[in-house]
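The chain contents come next:
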Amino acid sequence: MHLMSSPDQQLLQQFEAIVGPAGILPGAALAGRSAGIWSGQQLEALALLRPRTTDEVSRVMQVCHAAGQVVVPAGGMTGLAGGHESTAADILLSTERMNRIESMDARSRTMVVEAGVILQTVHQRVAEDGLMFALDLGARASCTIGGNIATNAGGVRVLRYGMMRDQVLGLEVVLADGTVVSSMFDVLKNNTGYDLRQMFLGSEGTLGIVTRAVLRLYEAPLAIETALLAVPTWDQVMELLRYFDAALPGALAAFEVLWRDFYQLNTGPFSSIEPPLDTDTPFYVLMDVFISDIDQGRAKLEQLLTSCLEQDEIVDGALAASETERGKFWQIRENFEPEQKKFAKIYGYDISLPLETMADYVESVRRELIGRFDDAELFAYGHIGDGNLHFSIYPGQARDRDAVDEMVYFPLQALHGSVSAEHGIGLEKKAYLKYTRSEAEIELMRKTKRMMDPGNILNPGKLFDL
Ligand SMILES: Cc1cc2nc3c(=O)[nH]c(=O)nc-3n(C[C@H](O)[C@H](O)[C@H](O)COP(=O)(O)OP(=O)(O)OC[C@H]3O[C@@H](n4cnc5c(N)ncnc54)[C@H](O)[C@@H]3O)c2cc1C
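This structure is a prediction, so every number in the text was calculated from the model and none was measured.

## Quick word on the sheet that holds strand 15 (residues 316-319)
Here comes step 1: Pairing is antiparallel across the open sheet formed by seven strands, whose spatial order is 15-12-14-13-17-18-16. Two strands lie at the open edges of the sheet, namely strand 15 and strand 16 (347-352), each paired on one side alone. Looking at each pair of strands side by side, their axes are set apart by 15° on average, direction ignored.
Here comes step 2: Pairing of strand 13 (residues 252-259) with strand 17 (residues 377-382), which is carried by two bridges, proceeds in the antiparallel orientation. Following the sheet pairing, V257 is matched in strand 17 by G382.
Here comes step 3: Strands strand 12 (223-231), strand 13 and strand 14 (283-291) of the sheet are contacted by helix 7 (residues 234-247), whose axis makes an angle of about 170° with strand 13.

## What to know about the packing of helix 7 against helix 9 (residues 294-310)
Here comes step 1: One way to put it is that helix 7 packs onto helix 9 with a least axis distance of 12 Å and a crossing angle of 150°. Considering their axes alone, helix 7 and helix 9 lie roughly antiparallel with respect to each other. Judged by the twist between their axes, the crossing of helix 7 over helix 9 is right-handed. Of the residues in helix 9, those touching helix 7 at L240, Y243, F244 and A247 are K300, L301, L304, L305, S307 and C308.
Here comes step 2: A breakdown of the residues in the contact of helix 7 with helix 9 according to their chemical character gives eight nonpolar, one polar and one charged.

## Brief notes about the site of the ligand
Here comes step 1: Taken together, 36 residues surround the ligand, and among them P73, G75, T78, G79 and T144 come closest.
Here comes step 2: Within the side chain of T78, a nitrogen or oxygen atom sits 2.7 Å from an oxygen atom of the ligand.
Here comes step 3: The side chain of N148 places a nitrogen or oxygen atom 2.9 Å from an oxygen atom of the ligand.
Here comes step 4: Here the ligand has 970 Å² of accessible area as a free molecule, and 96% of this is covered by the chains.
Here comes step 5: Elements with a contribution of two residues or more to the shell around the ligand: strand 3 (71-74), helix 4 (145-151) and strand 10 (209-216).
Here comes step 6: The element contributing the most residues to the shell around the ligand is helix 4, with five residues.
Here comes step 7: Grouping the constituent residues of the shell around the ligand by class yields 14 nonpolar, 20 polar and two charged.

## Brief notes about helix 12 (residues 355-372)
Here comes step 1: Helix length check: helix 12 (18 residues) gives 26 Å between terminal C-alpha atoms against 26 Å at 1.5 Å per residue, within 8%.
Here comes step 2: Within helix 12, burial applies to M358, A359, Y361, V362, V365, R366 and L369.

## Re the environment of S58
Here comes step 1: Residue position: S58 is located in helix 2 (residues 54-67).
Here comes step 2: Taking the C-alpha atoms as reference, S58 lies 53 Å from A230; in sequence the two are 172 residues apart.

## What to know about the layout of surface pockets
Here comes step 1: Empty space within the second largest pocket amounts to approximately 780 Å³.
Here comes step 2: Taken together, 30 residues line the second largest pocket, and the ones lying closest to its centre are R165, L201, G202, R437 and M445.
Here comes step 3: Within the residue set of the lining of the second largest pocket, elements represented by two or more residues are helix 6 (196-200) and helix 14 (439-452).
Here comes step 4: Per element, the largest residue contribution to the lining of the second largest pocket is five residues, and it comes from helix 14.

## A word on the packing of aromatic side chains
Here comes step 1: Within this structure, the stated rule accounts for 16 aromatic pairs.
Here comes step 2: For the pair F262 and Y381, a centre-to-centre distance of 4.1 Å together with 20° between the ring planes defines the contact as stacked. With F262 in helix 8 (residues 260-267) and Y381 in strand 17, the pair connects residues that are 119 residues apart, well separated along the chain.
Here comes step 3: Among the residues examined, Y381 registers a relative accessible area of 5% and is labelled buried.
Here comes step 4: A centroid spacing of 6.0 Å and a plane angle of 40° characterise the contact between Y432 and Y435, whose relative ring orientation is tilted. This pair shows no difference in class: Y432 is buried, exactly as Y435 is.

## Things to note about helix 7
Here comes step 1: Helix length check: helix 7, at 14 residues, gives a terminal C-alpha distance of 20 Å against a target of 20 Å (1.5 Å per residue), a fit within 8%.
Here comes step 2: Every buried residue of helix 7 is accounted for by W234, Q236, V237, M238, L240, L241, F244 and A247.
Here comes step 3: Elements in contact with the buried residues of helix 7: strand 12, strand 13, strand 14, helix 9 and helix 12.

## A short note on the pattern of salt bridges
Here comes step 1: Applying the stated criterion to the full structure yields 30 salt bridges.
Here comes step 2: Of the charged contacts, one joins E128 and R125 as a salt bridge, the two residues approaching to 3.3 Å between their closest N and O atoms.
Here comes step 3: In this structure E128 comes out as exposed when scored by relative accessible area, which is 63%.
Here comes step 4: Residue class for R125 comes out partly exposed when judged on its relative accessible area of 28%.
Here comes step 5: Measuring nitrogen to oxygen at the nearest pair gives 2.7 Å for the salt bridge that ties D129 to R125.

## What about the environment of Y409?
Here comes step 1: With respect to the secondary-structure elements, Y409 resides in helix 13 (residues 401-415).
Here comes step 2: Not counting chain neighbours up to four residues away, the residues in contact with Y409 comprise Y349, I351, V419, K429, Y432 and Y435.

Scoring rules and cut-offs
- Residues numbered from 1 in each chain as written.
- Predicted model: local features only at pLDDT ≥ 70, side-chain atom pairs only at ≥ 80, totals over all residues.
- Heavy atoms only, no water.
- Pairing = 2+ DSSP bridges.
- Helix = DSSP H or I, 4+ residues; strand = E, 2+ residues; numbered from the N terminus.
- Axes fitted to C-alpha atoms, helices over the stretch in contact; angles between N-to-C directions.
- Contact = heavy atoms within 4.5 Å.
- Parallel < 35°, antiparallel > 145°, perpendicular 65-115°, else oblique.
- Left-handed = near helix turned anticlockwise from the far one by under 90°.
- Nonpolar A, V, L, I, M, F, W, Y, C, P; charged D, E, K, R; others polar.
- Near = heavy atom within 4 Å.
- Polar contact = N/O pair within 3.5 Å; in protein donor to acceptor, adjacent residues only side chain to side chain.
- Areas by Shrake-Rupley, 256 points an atom, 1.4 Å probe, with all protein chains shown as cover.
- Expected span 1.5 Å × (residues − 1).
- Buried < 20%, exposed > 50% of the residue type's maximum accessible area, 1.4 Å probe, protein only.
- 1 Å grid on protein atoms, 1.4 Å probe; cavity = no way out; pocket = protein on both sides within 12 Å on 5 of 7 lines; lining within 4 Å.
- Points joined across faces, edges and corners; volume = space filled by probe spheres on them.
- Phe/Tyr/Trp six-rings, centres within 6.5 Å; stacked < 30°, edge-to-face > 60°.
- Salt bridge = Lys/Arg side-chain N within 4 Å of Asp/Glu carboxyl O.

Structural data, given as structure tokens:
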């Protein structure tokens, strides 16, 4: 328990003078609030601050800078690497009241938003003008644009549109000392020295607080077709990725793979979804194709699927017949309820590695895991079109997180893979950053952090220790 000293009380009074009574919740008022949908832990902080404007954020940071007060920025708290975790001595700075869409320009296909706007709100607004925002992920209804920027989120459209860093044209951030750096450009090309904006994408709240952004929008497709394929071998999975990408140039917008046990879990007794295809094929591919001509697009896809069946590239396939069915196919990929219902504890992983090595890597981790903890289970799936693999591992009764982490992360060094493809490093993967980044790279990151935040008050201890 953190007992409040009078310097703490003075600080809280200063914050209240900046954000107003509705903008501050002292630590004692946070009882019963959870620290995020995944953590199951109780939220802890000296106070939760909810500024409304960039100016308020800047003034809060000036106070924190002068007092050496630690600040943890928070958006929707859906992060999966522990980046938003705070202690009872920290100020948790939430963007929940900075949730305005400031403007949208359909002709230049840009939108200006505050950092606390929910991703799904952006999707809904741009759809009204026939446009699309390319970032999409399972936590869309809770995660914020600021959090997406801070984690450089990936999701299900990376294959075609890239990660969050490709969707941000302009950015405004508040630095540790309260300085506002505004680069709110809305042009695609801007070759004027260092791209400072990109420093903050993926910095996990350690270099600055994102307050506003200019987002890049795209024309929405006329329709999206979704197919589910049962594929016998990994070689065929890789062949199919090339085959569809070549046959439907620029239209393949998602290529997800579910290993058999993940597919079985998410269509089995703990799920409400009936399996659309048999449950006994080693791999299932879930594919989204963006269609620009509804009749011809669907007909072409049907023809391609038939040809795959005839050539034994797939054992079965289904093309979603309606939006409801599309939703069901995607639920098999995105629904985490079955694993939560079946297992008391599950460890999640998010890594990347070359496609050629992926299937062997999965089997070797599985062998090692079960060799050491015979009641453990492994479920693999992921954004395979991007080389991004996810695992859900039930660790068995032993629950030795360090041992399981080491089994997953250590082999990635030799395979030139990454310990985090898209979720970030946060607290969870700090010890394993060295498997992906060299000492020289980590030292340069440390130097950058020391230069931008000499007091180490912005999300300290996340990503790496100084
Ligand atoms: C069901 C589910 C599915 C998911 N799928 C994906 C996926 O496919 N791809 C993917 O990349 N991620 C995925 N995630 C992870 C998560 O949704 C993303 O990391 C998301 O970008 C986090 O946004 P947030 O607003 O919740 O950020 P938070 O969780 O609140 O914070 C994440 C990090 O960003 C920092 N931060 C937050 N806001 C700001 C700000 N304004 N300024 C500076 N720093 C800030 C925090 O300090 C923390 O370090 C998934 C999560 C869940 C629960």
